[in-house]
Amino acid sequence: MNRKVKYGIGIIAIMIFCFIYSNVDKMSDMYENKLDNSQYITVQVNEEHAVEQRFHAAEEKVSGIALKIMLQNVPTKGELVYSLKDAQGKELTQGSLDVNEIKSGRVCKIRFEKEVQVEKGEELSLNLTTSKVEEGKAICLYYEPVKKGGTDLVISDESVEGSLILRTFTHRFDVETFVVVLGFVIYIGLFMKVLYKLFS
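Fair warning: this is a prediction, and the values are worked out from it, not measured in the lab.

Draft legend 1. Broad picture of the overall build of the protein chain. A tally of helices and strands in the protein chain yields two helices and 13 strands. The C-alpha atoms of the protein chain give a radius of gyration of 22 Å, which is well past the 16 Å a tight globule of 200 residues would have. With respect to the principal axes defined by its C-alpha atoms, the protein chain has extents near 70 × 35 × 30 Å. Within the span of the protein chain, comprising 200 residues, buried residues form 35% of the whole.

Written as structure tokens, this is what we have:
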């Protein structure tokens, strides 16, 4: 096979690999993310004490959310129930996360069944409550006592100074990741070429 053809096929294969690898969950912080984890505060969420976080969409679609959650007394039954609404109160998506899928003290990723189409900068609200959690046990959410601009945290119908440890994510092609992956592949290719010349 002609050397130019081989190089051409190789370059196309590399570009396809980099393109596929660069389709990632692009995260957007809905909190300041400037404090140490030890300064975070936990709040219990249940049917009587719902939590609402208002924020503005970072992109034109939302594939899911990520929340930092703690399990108090480690419940084995129950769900964290979520609902995403627009500024007019229209429900855009809803669902639940079983307690057995939660790793206490860790950030839990929740992917929506269907991506939500919104306007970039549109005001949204994430409403959180629980269902069927065992008595004496609880699901708690972390928030930092610093309010990010353009957000509002409401706990039990009362405004609170702070923001939930919340990220939204969008599954899409990311140019930055593409450039990094392509650069890494080129570096490995050149490194292997140098080694081949040294030992041939």
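Draft legend 2. View of the layout of surface pockets. Each pocket or cavity is described by its volume, and for the largest pocket that value is around 340 Å³. Every residue lining the largest pocket is listed: Lys-6, Tyr-7, Gly-10, Ile-11, Ile-14, Met-15, Leu-182, Val-185, Ile-186, Gly-189, Leu-190 and Lys-193. Elements represented by at least two residues in the lining of the largest pocket include exactly helix H1 (3-21) and helix H2 (175-199). Taken together, the residues that form the lining of the largest pocket break down as eight nonpolar, two polar and two charged. Taken together, 14 residues make up the lining of the second largest pocket; nearest its centre are Leu-97, Glu-101, Lys-109, Ile-110 and Arg-111. Contributing elements (two or more residues each) for the lining of the second largest pocket: strand E6 (91-98) and strand E7 (106-117). When grouped by side-chain class, the residues that make up the lining of the second largest pocket number six nonpolar, three polar and five charged.

Draft legend 3. Structural detail: the pattern of salt bridges. Going through the model one piece at a time under the given rule, you end up with 11 salt bridges. A salt bridge links Asp-29 to Arg-167, with the shortest nitrogen-to-oxygen separation between them at 2.7 Å. Here Asp-29, found in strand E1 (residues 23-29), pairs with Arg-167, found in strand E13 (residues 166-173); they are 138 residues apart in sequence, far enough to count as distant. Residue Arg-167 is classed as partly exposed on the basis of its relative accessible area, which comes to 28%. The salt bridge involving Arg-172 is made with Glu-59; its shortest N-O contact spans 2.8 Å. With Arg-172 in strand E13 and Glu-59 in the loop between strand E3 (51-56) and strand E4 (61-72), this residue pair connects regions lying 113 residues apart in the sequence. Each of Lys-26, Glu-59, Arg-172 and Asp-174 takes part in one network of salt bridges that share partners.

Draft legend 4. Molecular detail of the packing of aromatic side chains. Evaluation of the coordinates by the stated rule reveals five aromatic pairs. Their ring planes at 15° and their centres at 6.4 Å tell us that Tyr-187 and Phe-191 sit as a pair that is stacked. Highlighted residues: Tyr-187 and Phe-191, both in helix H2, separated by four residues, approximately one helical turn. Put simply, the rings of Phe-19, Phe-173 and Phe-178 touch in pairs and so form one group of aromatic residues. Geometry around Tyr-142 places Lys-68 over its ring, the cationic atom sitting 5.0 Å from the centre.

Draft legend 5. Representation of unusual backbone geometry in the model. Backbone geometry places Asn-33, a non-glycine residue, at a positive phi of 60°. Examined against the element boundaries, Asn-33 turns out to sit in the loop between E1 and strand E2 (41-45). Notably, Val-74 is not glycine yet its phi reads approximately 45°, a positive angle. In this fold, Val-74 is placed in the loop between E4 and strand E5 (79-86).

Rules used throughout
- Residues numbered from 1 in each chain as written.
- Predicted model: local features only at pLDDT ≥ 70, side-chain atom pairs only at ≥ 80, totals over all residues.
- Heavy atoms only, no water.
- Helix = DSSP H or I, 4+ residues; strand = E, 2+ residues; numbered from the N terminus.
- Rg over C-alpha atoms; globule rule 2.2 N^0.38 Å.
- Buried < 20%, exposed > 50% of the residue type's maximum accessible area, 1.4 Å probe, protein only.
- 1 Å grid on protein atoms, 1.4 Å probe; cavity = no way out; pocket = protein on both sides within 12 Å on 5 of 7 lines; lining within 4 Å.
- Points joined across faces, edges and corners; volume = space filled by probe spheres on them.
- Nonpolar A, V, L, I, M, F, W, Y, C, P; charged D, E, K, R; others polar.
- Salt bridge = Lys/Arg side-chain N within 4 Å of Asp/Glu carboxyl O.
- Phe/Tyr/Trp six-rings, centres within 6.5 Å; stacked < 30°, edge-to-face > 60°.
- Lys NZ or Arg CZ within 6 Å of the ring centre and 35° of its normal.

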